[in-house]
Every structure is written in C-alpha cells, then in structure tokens.
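Secondary and tertiary structure notes
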There are 2 protein chains.
Amino acid sequence: MRFDLDPAQIPTTWFNAVPALDPPLQPPLHPATREPVGPDDLAPLFPMGLIAQEVSTDQWVDIPGEVLDILRLWRPTPLVRAERLEAELGTPARIYFKDESVSPAGSHKPNTAVAQAFYNQAEGVKRLATETGAGQWGTALAFACTQFQLECAVYMVRVSYEQKPYRKVLMETWGSDVVPSPVDDPDHPGSLGLAISDAVRDAASRDDTHYSLGSVLNHVLLHQTIIGLEAKEQLALAGESRPDVVVGCCGGGSNLGGIALPFVPDERVRLVAAEPSSCPTLTEGTFEYDFGDTAGMTPLLPMYTLGHEFVPPSIHAGGLRYHGDAPIISNLVRSGRMEAIAYPQSKTFEAAMQFANTEGKLPAPEAGHAIRAVIDEALAAKETGDERVILFNYCGHGLLDLSAYDDYLNGRLVDA
Amino acid sequence: MRFDLDPAQIPTTWFNAVPALDPPLQPPLHPATREPVGPDDLAPLFPMGLIAQEVSTDQWVDIPGEVLDILRLWRPTPLVRAERLEAELGTPARIYFKDESVSPAGSHKPNTAVAQAFYNQAEGVKRLATETGAGQWGTALAFACTQFQLECAVYMVRVSYEQKPYRKVLMETWGSDVVPSPVDDPDHPGSLGLAISDAVRDAASRDDTHYSLGSVLNHVLLHQTIIGLEAKEQLALAGESRPDVVVGCCGGGSNLGGIALPFVPDERVRLVAAEPSSCPTLTEGTFEYDFGDTAGMTPLLPMYTLGHEFVPPSIHAGGLRYHGDAPIISNLVRSGRMEAIAYPQSKTFEAAMQFANTEGKLPAPEAGHAIRAVIDEALAAKETGDERVILFNYCGHGLLDLSAYDDYLNGRLVDA
C-alpha cells in the first residue's frame, strides 16, 4: 500500500537538526591553525548561500521555489507499506519505506545536487567540479547541472570508470565531462580520496568553478531532510502517530540524515544507522577531528573515523566506503541518541534478495544494509509480539549494480 | 507538474476495444484448416481465464483484486506534464506523459505479466515458459511469477544472453531460470522467433507448464488499457477535457494499445503509432494473415506484417523488432482510425537526449520513438500556434540500455 502526497503538498522548508543537538555540534577546524573555519575560508569552494546553511542555527530553512520546481519532477516520493515483506517475515511489525529510487538518477542524491546547483548558479558560478566513486553522486550532480545550465566536471575513480561504464555514460548523456582519476597517473586505479583532491584542485584553480560534495557536510544533510519531512506527513496519512524506529544505511550519512533528522526532537523514536562491517566507522571508529579527504586538503571535521588514509575493501556498496561520517551523525551516535550496527555484505544481499522477491524492487547494495537492519528489527518484534512501526529509507535502486547480484547468485561474493 | 491518482482510485476494470472496432476484428485462423481457432485449440498453452478475455466482446472486464493488489505496488503511475520540454521547444502545445518506467521491471510489461501469472496460478498451473529478446518482457514475467510463487523459464535470445547479461541477472534475482536460445544449437546467435518456438515447445511438452506472451494478443492489450484509463482521469485532474493526439511507440503494440485504446471511441482524438523505419510494419508492411512466430507454430493472425521470416536489423530498440503487429492495432491503422509514422534510430536518440536533458529521465530506446513523434507534433503545433494537447506513453526507462547511449554519444549509432 502506497501513501502519496500531492505535489502541491511538498515541504517548503528544510529541517535543520543542528539546534536540536545535545551536546552542540563542534565546528570544523582549519588544519594549520586549528581555529574554527569561517565563511571566508570556504568561499573559494562554495557559494555563500550554501556556506550560510552550513553554519545556520535556524530550525527551519526555506527551500527556494526554483529548487522545488525541479524536485517536483519526482517528489514527493512514495511512502510504501511493505506488506508483502511483513507477510513473508510473519511479523506484527508494520514496515514503511520512503522510495527515493524514483529520482532521475535513481537515488536520494539529487535532493542536494539540485539545491547545490541552484545556489551556485544564483551566484554566477558557471561550472561545478566533483568526485564520484561508483557514480551515484556524479550522476545526480550531472542531472542537476543540466537543469541549471551549468557545466559539470566529474572526477571518477579510474577503476570504476573502466569497469563500470554505465554510470559514466549516464553522466555524459546529461552533458557532463567525466574524467578518470587520478588525472596525473593513468596507471593508478584511483580512490575516492584522490578523486576529491582532483576535484578540489580543479575548483580552486578556476575562477568560474566551485566544488560540490554529495554527503558529510551540514548543508547536504539539511537538503536531504525533505525525505523525513515528507515521511512524517505520509505516516500520518497511513494512520501512524509516529515510527518506533527509523533506519538508514550510513556511508557519509546523507540519506540516513535525510530520513532520521526530522525525528531527532522526538525522543520516543529510535534512530538506527546500518553500516558495512568492512568499513565500520560508527561501530569501531574513533571520534576525533580528521580530514574529510585522503590527501588532507579539507578542514578538520569532528567525526567518527577510521583515519583519513583508511582504504575500505571493495565491497559492492560503493556509497558506504567512506573513512568518516557526517559530523551531525557522529554527534548523534556519540551522545547515544542514534544506534549503529554493522553487517557483512553477504547478509545485506540476503536481505536485498528477500526484499526484491516480496516488494519487487531491486535495492542498491547500499540500501541492502538498511533492509538488513529492518528485517532484523521486524524479526525481533515477532519474538516479542511487538507491533513496532519501522520506517526506513530506500535510498536507491540496484539496476546499475546488477553485476553485484550476479556475484551473489553465483557464490562469488566475499565478506571482507 | 505531476498529476497523481490515489492508490484507492486505481481503475478496477480493463477497457476492451474489440466491440468498438469498425470493421470488426477478424478471428485468428488455424494454419492447417484456415478455420477460426476456438478456445480448445488454445487450451494447451493458455488458461481459460485468458482465453475468455482473448475472445471477449464485453466493453469492460473486471480486474481481479489479487491483480490490483500487486499492481498497486507501483500503480497508479504518474501523469507528468513535460513543461521543461515544452519550454525548450517553445511550443504552445501541452505535453503529458504517462510514466510506466516506475514499475519494478522498469516498463509497462508487468501490467499484463501480473494478470497472466494470476490467471495461470488460479487454474493450477505451476510454471510458465516464455521468450525474451533483450529482456524487458522476461524480467516482467519473472517479477510476476515471484509474486504468485510460479516457476518461470525464460528462453533468451543467445546473443543478448551473452552480450547483455544485466537483464538476465535481474530475471535470476527474481528466481527465474534463464536459458539461452536456441537450445539445440549453442553456436547459433538466436532470434526472437526461435526463442518463441523454444518456449512454446517447452509449454506444450509439460503438463504443469503454460506459455505466456508479452504483446500482440487481445488479452495482452486489454491488460495494458489500465494505462490509458488512468491517464484519462489524470488529464481531468490537469484540467484537460481530452487529448488532441495520443502517441505510443509500436513493436507488437501492447504499450501503444495500453495508452490509446481507451480513446478509440472518441473520434476527436487522433491516435499515432511510432515505429522504427528499419522494421516498418505499419507503414510498409502488408495487411494479411501471417504467423506470430518465425517457425510457424502459432495461429495465423490478421495483421500488418513484413513476413514471419523477416529479420529486422539489430537496432537498440529491441522491443520494436517484431515482424508483425497486434491485430487490434492493425485493424485501427487499416481503417484509418490510427496513423503510423516511422523513424530512423538516430532521430529517436536525438529526441531521447532532448527529453533526458529537460525532463531528467533517460528513456528506453523504444520510448525514444514515441518522444520523436511527440516533439514533431509539438513543433508542428508551434508552426500553427495550436494549443494542442499531446499525451504519450513513456513506456520504460533506459537504465539497462546505456550502451546504446554510449554508441550514440560516440558516433557509433548506425541507421539501418
């Protein structure tokens, strides 16, 4: 059963979780001075519209009409009750998911890509540079740049560029320039950290170009809160007063933040982060100031981290292969407001298959982590006879990840 | 702008166009006797529920609740006004499309796959056999069989099986058995006609197995009319009394029939079929009785055909590579009620790119044919200053066809 919001009912403000955090969020630090970075430090890379959101302590932030116009191409997204999955599990829990896979790029990423492209264009920027691993974020920004007539350069980890060409083609179809990274060493397979360095260097070296990041930062999570805000209204349509637990997978934290942050103020709602056990930032990382990238070009961020030189194993959930976490997510886990749990990828594909064979939708490997946690919650509810209301973010489809399913079906999937 | 129907407003009957046809539809003939085939002739391959629909002359046919329950996983599908495309074209026309790409299989095909699986399961069938070319239909039936706990054997044209493995993996993820065809010659690249023969042979040789076809037949088009019925209600929500023209691409005719047939009785509405110029059945074929398959195992159908041994060039729009057309579509074209137009594939990719860069969605190559016709209609309306209302069926996304876009972007696309 699906619970739709009319396009006219799309939320017109984002929810800023920062003022709701306890303890307060620590600021990013300049790596040389270890002083808090100010707006001027960020101005070469970001427009002031986004910098203002990055440091905002307002509870609500207006969504510009130009952004809403584009989000309405696919938003509000459906809220679906996963009744077939419930029946298969024999659980008294009621499972709802927010279907972010319906966006043009197939994930939640365009929610922030559109906003970032808008603010950059509004301040006269002509071109954006970014990095992408397997390509989810790059495709989202490529789509958004087309909508605002911006040029877009995407530095793509070379091994993905060569082995997974489909997302590259999608970016090129939307007019982006896709460059294998690292640019200075054609024999190097590349890494996300190196690609970030290439993109930052590009943006810093050209007056017409800004840098764009698809996760981690406060303004990115802010833009994603439209997911949870819609879900709240749709749960009401479904007759639910609130979820008992909200689940999202966590790489940098943007889709998890998107669904969970609007529920932070309601202490009755449990919040759960699902991460890969091969990149266990929240469950086994250290909370400390660390760089956002491998090369150490970014400000220092207060976060759970495995160290900025940590290279995660090549699991299929490329979007979860990040050495750190968003400061907001890290704050919530550290204070105990949010729980975290880690899974080996075989367990997440098992869950994804169960979802595909009941609800029909083929999940992205990242989403499989959330689904694993949801199924475990639903089975726990079965044990106790608990009519738990579970909400999770179906952050993307797996149609461009079918080789991963092929590996799973043919016993080639390894747990790191 | 999107016009959504609430899931509770899903149509509960299909529209049968057969009684509206003038002249009346000619019956299929037995190839040996050239007498009309009766229900008994079809019983080894199809359940009586579908045979009854194949020969029905009722105007409306109830949709079983079990079918609606599954269709509601993604239906009603959105009706979208393509305002960004309109603006790009500078046309006074208002362009609406029905987004069938939101189904689990990514096209309109599950609309009939679910119904076919239901009627087979209801009559005790345990297993379905079918053929697939590039894989759209096979994935749809694989999905539907999972929902009704049926086994599914898909005979897949060998060259696609080997060169385009992603759809095969999707079918396997949904639990289907995918077999390269022809089964008796591992060196043969295969063809759709040979794959039909493999599937029919499989179904005819096993008591527990029926055959399933994804297009052409009356009951298949009947199941697809839910598209046009929803669109009618959604156009009313958009304040339109009716479309001036309804467009669909045409291979066998199921997606075109789905959107167009409910408008047949209203003579003010023009109906347009868009087909590839490399497989110009409606524009250059002959209207006559011909076999539905290459090997001559099916009844003779009254249709436009290029001859059942015609092998279309390997264009990317695999779903449009069929030597004939649905009898209902053929009847409409022959009587002049429906127009037909043919395009070379380069023109359709040009249109698809324009759609992707305005509306954000990446069309299947098949859908690119409809979009080409829509853009030409919109430009004609611009010439005359005509506020034409254009409705078309966006029959599927192109996320599993990205190699085709790669060819287009790199100048490797050839027009046959």
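Above this text is the structure in question.
Since the model is a prediction, treat every value here as computed from it, not as a measurement.

1. What to know about the relation of the copies chain A and chain B
Placing chain A over chain B gives an RMSD of 0.0 Å and needs a rotation angle of 180 degrees, together with 0.0 Å of translation along the axis. Put plainly, the chains are arranged around a two-fold axis.

2. Thoughts on the pairing of strand 15 (residues 389–394) of chain A
The side chains of a regular strand alternate, first on one face of the sheet and then on the other. Residue and element names in this part refer to chain A. The buried fraction of strand 15 is high, at six of six residues. Here strand 15 shows a buried face lined by Val389, Leu391 and Asn393 and a second buried face lined by Ile390, Phe392 and Tyr394. Both strand 5 (residues 94–99) and strand 15 contribute to a ladder of six bridges, which runs parallel. Residue pairing across strands places isoleucine 95 opposite isoleucine 390, the latter belonging to strand 15. Note: strand 10 (residues 245–249) against strand 15, three bridges, orientation parallel. Residue pairing across strands places valine 246 opposite leucine 391, the latter belonging to strand 15.

3. Here we look at the pattern of salt bridges
The tally for this structure, following the rule as stated, stands at 48 salt bridges over all chains. Where arginine 412 of chain A meets aspartate 406 of chain A, a salt bridge forms, and the shortest distance between an N and an O atom there is 3.2 Å. Relative accessible area serves as the criterion here: at 17%, aspartate 406 of chain A is assigned to the buried category. We note a salt bridge from arginine 268 of chain B to aspartate 266 of chain B, for which the minimum N-O separation is 3.0 Å. Exposure remark for aspartate 266 of chain B: the relative accessible area of 22% places this residue in the partly exposed category. Connected via shared salt-bridge partners are Arg270, Glu339, Glu377, Asp386 and Arg388 of chain A.

4. Points about helix 16 (residues 365–384) of chain B
Residue and element names in this part refer to chain B. Helix length check: helix 16 (20 residues) gives 29 Å between terminal C-alpha atoms against 28 Å at 1.5 Å per residue, within 8%. Here helix 16 lies mainly inside the structure; 14 of its 20 residues are buried. Glycine 385 sits one or two positions beyond helix 16 and adopts a positive phi of about 70 degrees.

5. Here's the deal with the packing of helix 17 (residues 402–409) of chain A against helix 8 (residues 165–173) of chain B
At a minimum axis separation of 9 Å, helix 17 of chain A and helix 8 of chain B run at an interaxial angle of 50 degrees. Classed by the angle they form, the pair helix 17 of chain A and helix 8 of chain B counts as oblique. Seen along the crossing, helix 17 of chain A lies across helix 8 of chain B with a hand that is left-handed. Taking contact as the criterion, the partners of Leu402, Ser403, Tyr405, Asp406 and Leu409 of chain A in helix 17 of chain A are, on helix 8 of chain B, Tyr166, Val169, Leu170, Glu172 and Thr173 of chain B. Of the residues assigned to the contact of helix 17 of chain A with helix 8 of chain B, the class counts are six nonpolar, two polar and two charged.

6. Observations concerning the packing of helix 15 (residues 345–358) of chain A against helix 16 (residues 365–384) of chain A
Any two packed helices are characterised by how steeply their axes cross, that is the angle between the axes, and by the distance between the axes. Residue and element names in this part refer to chain A. Where helix 15 contacts helix 16, the two axes come as close as 7 Å, and the packing angle between them is 85 degrees. Judged by the angle between their axes, helix 15 and helix 16 are roughly perpendicular. Taking contact as the criterion, the partners of Lys347, Thr348, Phe349, Glu350, Ala351, Ala352, Gln354 and Phe355 in helix 15 are, on helix 16, Pro365, Gly368, His369, Ile371, Arg372 and Ile375. Broken down by class, the residue content of the contact of helix 15 with helix 16 amounts to seven nonpolar, four polar and three charged.

7. Details of the side chain of glutamine 345 of chain B
All names here are of chain B. As for its position among the elements, glutamine 345 is in helix 15 (residues 345–359). At 3.2 Å, the side chain of glutamine 345 forms a polar contact with the backbone nitrogen of histidine 316. In contact with glutamine 345, not counting residues within four places along its chain, are Ile315, His316, Leu413, Val414 and Asp415.

8. Section: the sheet that holds strand 9 (residues 209–211) of chain A
Residues and elements named next belong to chain A. The four strands lie next to each other as 8-7-6-9, forming an open sheet whose pairing is parallel. Edge positions in the sheet fall to strand 8 (177–181) and strand 9, since each of these pairs with one other strand and no more. Across the sheet, the mean angle from the axis of one strand to that of its neighbour is 25 degrees, orientation sign disregarded. Bridge count for strand 6 (residues 127–132) against strand 9 is three bridges, and the pairing is parallel. Considered in strand 9, the bridge of arginine 127 is made with threonine 209. Relative to strand 6, helix 6 (residues 136–147) is tilted by about 165 degrees, and along the sheet it contacts strand 6 and strand 7 (151–157).

Rules and cut-offs
- Residues numbered from 1 in each chain as written.
- Chains lettered and ligands numbered in written order.
- Predicted model: local features only at pLDDT ≥ 70, side-chain atom pairs only at ≥ 80, totals over all residues.
- Heavy atoms only, no water.
- Least-squares fit on C-alpha atoms with pLDDT ≥ 70 in both.
- Buried < 20%, exposed > 50% of the residue type's maximum accessible area, 1.4 Å probe, protein only.
- Helix = DSSP H or I, 4+ residues; strand = E, 2+ residues; numbered from the N terminus.
- Pairing = 2+ DSSP bridges.
- Salt bridge = Lys/Arg side-chain N within 4 Å of Asp/Glu carboxyl O.
- Expected span 1.5 Å × (residues − 1).
- Axes fitted to C-alpha atoms, helices over the stretch in contact; angles between N-to-C directions.
- Parallel < 35°, antiparallel > 145°, perpendicular 65-115°, else oblique.
- Left-handed = near helix turned anticlockwise from the far one by under 90°.
- Contact = heavy atoms within 4.5 Å.
- Nonpolar A, V, L, I, M, F, W, Y, C, P; charged D, E, K, R; others polar.
- Polar contact = N/O pair within 3.5 Å; in protein donor to acceptor, adjacent residues only side chain to side chain.

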